[in-house]
Amino acid sequence: MTDAQKTAADTTLRATGDSPPDPRPAPVPLLEPREGIPPVTATDEALAEVVAVFAAGTGPVAVDAERASGYRYGQRAYLVQLRREGAGSVLVDPVGCPDLSALGEAIGDAEWVLHAATQDLPCLRDIGMVPTRLFDTELAGRLAGFARVGLGAMVENVLGFALEKGHSAVDWSTRPLPEPWLRYAALDVELLVDLRDALEEELTQQGKLEWARQEFAAIAAAPPPPPRKDPWRRTSGMHKVRRRRQMAVVRELWTARDQVAQRRDVSPGKVLGDAAIVEAALSLPPNSHALAGLPGFGHRMGRRQLEQWQAAVDRARALPESELPQPGQPLNGPPPPRAWADKDPAAAARLSAARAAVTALAEELNLPQENLITPDTVRRLCWEPPVEPTRETVAEVLSGHGARPWQIEQVAPILTEALLTDAG
């Protein structure tokens with residue numbers, strides 16, 4: 001941080017003594033790049049220089065990635081931003097440099113500082129960048145009790161600077177990238193390490209730093225998530241589709257759309273909207289003329305496209321009963337809580353007591369309930385509790401569901417008590 005930036009930050013955070021409060025909010029200075037906008041690294045030669053510079057740098061490495069969600073198929077990275085003491089900031093184009101494993105190895109032993117790490121780690125992993133240690137400033141903010149944990153809000157509230165807005169949802173696959181976008185991207189890592197240091201101090205003061213370290217280690221060690229089972233069931237508006245034949249239409253249209261989107265490298269929603277898929281499923285149109293009259297299949301859609309979608313509908317209409325999808329997803333765990341009172345009143349009573357206890361403790365600790373312990377873990381424990389509910393047996397179950405030691409230490413006592421609640 002420059003002297004001017006430090007002065008502004010200090011002024012923002014320093015108490016004003018006994019001076020009367022100014023009713024006008026103090027202006028928040030707009031963050032400026034310290035070394036200007038770095039050039040985009042897009043060749044192997046330029047990447048080799050970046051690798052050498054970052055390997056020679058010191059301290060944590062701020063890392064961010066930009067995707068083209070809503071524009072392109074998948075979640076690949078289209079720009080990677082990094083900053084490190086002694087190396088400055090760099091912008092790397094993964095289209096021109098699709099293999100960043102050498103860069104990942106050069107900084108691999110350092111602590112990586114990311115904001116909302118779980119969003120960026122999958123696309124970084126795809127280009128060869130995998131951290132061994134990390135610090136997630138968004139998660140740190142949650143654990144510290146901040147109400148707003150977006151990067152802009154955190155930088156403003158903690159460091160006293162405003163980040164430029166307006167380019168987070170642009171099409172980052174655009175080439176060349178406009179200068180205002182590059183400026184926005186560079187600023188995302190400008191103060192990330194400063195934010196990390198401030199949050200570490202705050203967590204230390206609250207006695208939560210070890211909690212955060214356990215959370216960060218769990219994120220770094222987590223394997224890639226398995227492919228989602230029956231992803232077509234997540235079609236928006238699926239709750240309207242109740243008959244198995246209609247569900248088959250959703251499945252066929254979703255699959256056909258996904259194949260087209262992948263081939264054209266565009267977002268599936270730009271090929272065919274979820275609302276159109278649901279309309280076709282509810283209507284079961286007998287031909288493409290009837291299909292054309294449904295919302296989402298309007299006059300701008302060509303005949304070949306209509307025939308393509310109608311073919312998917314026809315495939316679903318022709319399926320034998322034995323091949324139609326079953327209602328609902330196969331349950332992997334307890335049933336929905338709304339059904340507990342009828343299926344198992346004692347379990348419903350345990351869950352109610354557990355939820356109340358977790359809510360109260362989360363408020364006391366000033367952190368979100370889901371960060372204290374995941375709702376799914378609480379449900380699984382209450383549905384199938386240990387035969388002899390003790391702190392030790394409860395702790396064992398929680399650990400088996402992935403709870404971290406700090407979480408177990410906090411919630412095992414209250415959940416043990418909740419498990420002793422009966423329906424009477």
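Keep in mind that what you see is a predicted model, and the values were worked out from it rather than measured.

Chemist: Any chance you could explain the overall build of the chain here in plain terms?
Modeler: Scanning the chain for helices and strands turns up 20 helices and six strands. Burial status across the chain gives 44% buried among its 424 residues. Put simply, of all contacts in the chain between residues at least 6 apart along the chain, 67% involve residues at least 24 apart. Accessible area of the chain: about 22000 Å², with a carbon and sulfur share of 51%. One finds the centroid of the 46 positive side-chain charges in the chain at a distance of 10 Å from the centroid of its 57 negative side-chain charges.

Chemist: Whenever I open this one, the pattern of salt bridges confuses me. Can you help?
Modeler: Opposite charge on two side chains permits them to pair, given that their charged atoms come into close proximity. The full count for this structure, using the stated rule, is 20 salt bridges. In this structure, aspartate 197 engages arginine 196 in a salt bridge whose closest nitrogen and oxygen atoms are separated by 3.1 Å. Classification of aspartate 197 as partly exposed rests on a relative accessible area of 38%.

Chemist: I'm lost on the sheet that holds strand S4 (residues 88-92) in this one. Help?
Modeler: Strand pairing in a sheet relies on backbone hydrogen bonds, with the paired strands running either antiparallel or parallel. The strand order across the open sheet built from six strands is S1-S4-S3-S2-S5-S6, with neighbouring strands paired in mixed fashion. Strands at the two margins of the open sheet, each flanked by one partner only, are strand S1 (40-41) and strand S6 (133-136). As paired elements, strand S5 (residues 111-114) and S6 share four bridges and run parallel to each other. When the sheet's bridge partners are listed, leucine 114 is paired in S6 with aspartate 136.

Chemist: Which parts of the structure should I look at to understand the pairing of strand S3 (residues 77-85)?
Modeler: Moving residue by residue along a regular strand, the side chains alternate between the two faces of the sheet. Most of S3 sits inside the fold, with eight of its nine residues counted as buried. With five bridges connecting them, S3 and S4 associate as antiparallel partners. Counted as the bridge partner of leucine 82 is valine 90 from S4. Linkage of S3 to S4, two consecutive antiparallel strands, is achieved through a turn of two residues, within which glycine 86 is found at a positive phi near 90°.

Chemist: Mind showing me how you'd approach the pairing of strand S2 (residues 58-67) here?
Modeler: A large share of S2 lies buried, amounting to seven of its ten residues. Relative to S3, S2 is paired through eight bridges, and the arrangement is antiparallel. Bridging from a neighbouring strand, alanine 62 pairs with arginine 83 of S3. Sheet topology note: the S2/S5 ladder contains two bridges and is parallel.

Chemist: Sorry, what's going on with the packing of aromatic side chains here?
Modeler: Two descriptors summarise a pair of aromatic rings, namely the distance from one centre to the other and the angle between the planes of the rings. Within this structure, the stated rule accounts for five aromatic pairs. Ring centres 4.8 Å apart and planes at 50° place the aromatic pair tryptophan 340 and tryptophan 383 in the tilted group. One end of the pair, tryptophan 340, is in helix H15 (residues 340-343); the other, tryptophan 383, is in helix H18 (residues 375-383), with 43 residues separating them in the sequence. What makes tryptophan 383 partly exposed here is its relative accessible area of 21%. Members of the aromatic cluster, each reached through a chain of ring pairs, are Trp172, Trp181 and Tyr184.

Chemist: Sorry, what's going on with a negative patch on the surface here?
Modeler: On the surface, a cluster of negative charge is contributed by Asp44, Glu45, Glu49, Asp99 and Glu105. The dominant element in the negative patch, judged by the number of residues it contributes, is helix H2 (residues 44-56), at three residues. With respect to the element layout, aspartate 99 can be found in the loop between S4 and helix H3 (101-107).

Chemist: Mind showing me how you'd approach the layout of surface pockets here?
Modeler: Its boundaries defined by the atoms lining it, the largest pocket holds a volume of some 810 Å³. As for the largest pocket, its lining consists of 18 residues, of which Tyr73, Gly74, Gln75, Arg228 and Trp254 are closest to the centre. Among the secondary structure elements, those contributing two or more residues to the lining of the largest pocket are helix H4 (117-126) and helix H10 (244-264). Its residues placed into classes, the lining of the largest pocket shows eight nonpolar, three polar and seven charged. Considering the residues around the second largest pocket, the lining is formed by 28 residues, among which Glu66, Leu151, Ser168, Tyr184 and Asp188 are closest to the centre. Mapped by element, the contributors of at least two residues to the lining of the second largest pocket are S2, H4 and helix H6 (151-159). Of the residues in the lining of the second largest pocket, the class split is eleven nonpolar, seven polar and ten charged.

Cut-offs applied
Residues numbered from 1 in each chain as written. Predicted model: local features only at pLDDT ≥ 70, side-chain atom pairs only at ≥ 80, totals over all residues. Heavy atoms only, no water. Helix = DSSP H or I, 4+ residues; strand = E, 2+ residues; numbered from the N terminus. Buried < 20%, exposed > 50% of the residue type's maximum accessible area, 1.4 Å probe, protein only. Contact = heavy atoms within 4.5 Å. Areas by Shrake-Rupley, 256 points an atom, 1.4 Å probe, with all protein chains shown as cover. Lys, Arg positive; Asp, Glu negative; His and termini not counted. Charge placed at Lys NZ, Arg CZ, Asp CG, Glu CD. Salt bridge = Lys/Arg side-chain N within 4 Å of Asp/Glu carboxyl O. Pairing = 2+ DSSP bridges. Phe/Tyr/Trp six-rings, centres within 6.5 Å; stacked < 30°, edge-to-face > 60°. Patch = residues over 30% accessible without salt bridge, like charges linked within 9 Å, V, L, I, M, F, W, Y side chains within 5 Å. 1 Å grid on protein atoms, 1.4 Å probe; cavity = no way out; pocket = protein on both sides within 12 Å on 5 of 7 lines; lining within 4 Å. Points joined across faces, edges and corners; volume = space filled by probe spheres on them. Nonpolar A, V, L, I, M, F, W, Y, C, P; charged D, E, K, R; others polar.

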